[in-house]
Amino acid sequence: MPRSMFYSANLTASTKTANILSGDVNEFVPYDATVTIYAVSSAIGIKLSAFADSDLLIDDKEIPYIGTTLDTSAHFVDQFSVSGGTRLALYLRETAAAATTDVYTAVDIQPE
């Protein structure tokens, strides 16, 4: 099961990131799979959006976990199925006007 892990340091206040999966091995899913997303941030006010091709799967969902270490047994955000060849996109948005937020995310791809 491929896992991609990301660390986003110091998100700019009141902005949205580019696709954090861009250029990653998991950006294009090579087979029918279940995708699981985990996330934790060091402060409140971080929202996450996920797309599979043009389908919006997670719409500006608040990351409910606060911390500095990602634990995939505790920081589950969402899970969904996709077809082979699907392009995944994952975006973070800072809403609390604080520019010192650290965010840790992980994406697991499990073949179906």
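This text goes with the structure placed above it.
Just so you know, these numbers come straight off a predicted model, no measurement behind them.

Colleague: Provide a residue-level description of the pattern of salt bridges, including the pertinent values.
Modeller: According to the stated counting rule, one finds three salt bridges in the structure shown. A salt bridge links Asp60 to Arg93; the shortest N-O distance between them is 2.4 Å. Of the two residues, Asp60 is situated in strand E4 (residues 55-62) and Arg93 in strand E6 (residues 88-94); the sequence distance between them amounts to 33 residues. Judged by its relative accessible area of 29%, Arg93 falls in the partly exposed class.

Colleague: Let's hear about the sheet that holds strand E3 (residues 46-52): which residues, and what values?
Modeller: The three strands are arranged E4-E3-E6 in an open sheet whose pairing can be described as antiparallel. The open sheet has two edge strands, E4 and E6, and neither has a second partner. Pairwise comparison of adjacent strand axes, ignoring direction, gives a mean angle of 10 degrees for this sheet. Both E3 and E6 contribute to a ladder of seven bridges, which runs antiparallel. In the sheet register, Leu48 faces E6, and the bridge partner there is Leu92.

Colleague: Help me get a handle on the packing of aromatic side chains, residues and values and all.
Modeller: Aromatic ring pairs are reported here in terms of the distance separating the ring centres and the angle at which the planes meet. Within this structure, the stated rule accounts for three aromatic pairs. Seen from their ring centres, Tyr38 and Phe76 are 6.4 Å apart, and the 75 degrees between their planes marks the pair as edge-to-face. Taken together, the residues span a long stretch of sequence, with Tyr38 in strand E2 (residues 33-41) and Phe76 in strand E5 (residues 76-82) at a distance of 38 residues. Classification of Tyr38 by relative accessible area gives buried; the value is 12%. Its relative accessible area of 40% is what places Phe76 among the partly exposed residues. Residues Phe51 and Tyr91 carry aromatic rings whose centres are separated by 6.0 Å and whose planes lie at 85 degrees to one another, so their mutual orientation is edge-to-face. Pair noted here: Phe51 is in strand E3 and Tyr91 is in strand E6, with a separation of 40 residues, a long-range link. Since its relative accessible area comes to 24%, Phe51 is described here as partly exposed.

Colleague: Requested: an account of the environment of Ala96, with residues and values cited.
Modeller: Tracing the backbone shows Ala96 in the loop between E6 and strand E7 (103-111). For Ala96, a relative accessible area of 40% gives the class partly exposed. The spatial distance from the C-alpha of Ala96 to the C-alpha of Tyr38 is 21 Å, given a sequence separation of 58 residues. Contact partners of Ala96, with chain neighbours within four places excluded, come to Ile44 and Gly45.

Colleague: Explain the pairing of E2 to me, using residue names and the numbers behind them.
Modeller: Judged by how many residues are buried, E2 sits mostly within the fold: nine of nine residues are covered. With burial as the criterion, each face of E2 is covered, one bearing Ala33, Val35, Ile37, Ala39 and Ser41 and the other bearing Thr34, Thr36, Tyr38 and Val40. Alignment of E2 against E5, held across six bridges, turns out to be antiparallel. The residue of E5 that forms the bridge with Val35 is Phe80. As paired strands, E2 and E7 are joined by nine bridges and run antiparallel to one another.

Criteria and thresholds
- Residues numbered from 1 in each chain as written.
- Predicted model: local features only at pLDDT ≥ 70, side-chain atom pairs only at ≥ 80, totals over all residues.
- Heavy atoms only, no water.
- Salt bridge = Lys/Arg side-chain N within 4 Å of Asp/Glu carboxyl O.
- Helix = DSSP H or I, 4+ residues; strand = E, 2+ residues; numbered from the N terminus.
- Buried < 20%, exposed > 50% of the residue type's maximum accessible area, 1.4 Å probe, protein only.
- Pairing = 2+ DSSP bridges.
- Axes fitted to C-alpha atoms, helices over the stretch in contact; angles between N-to-C directions.
- Phe/Tyr/Trp six-rings, centres within 6.5 Å; stacked < 30°, edge-to-face > 60°.
- Contact = heavy atoms within 4.5 Å.

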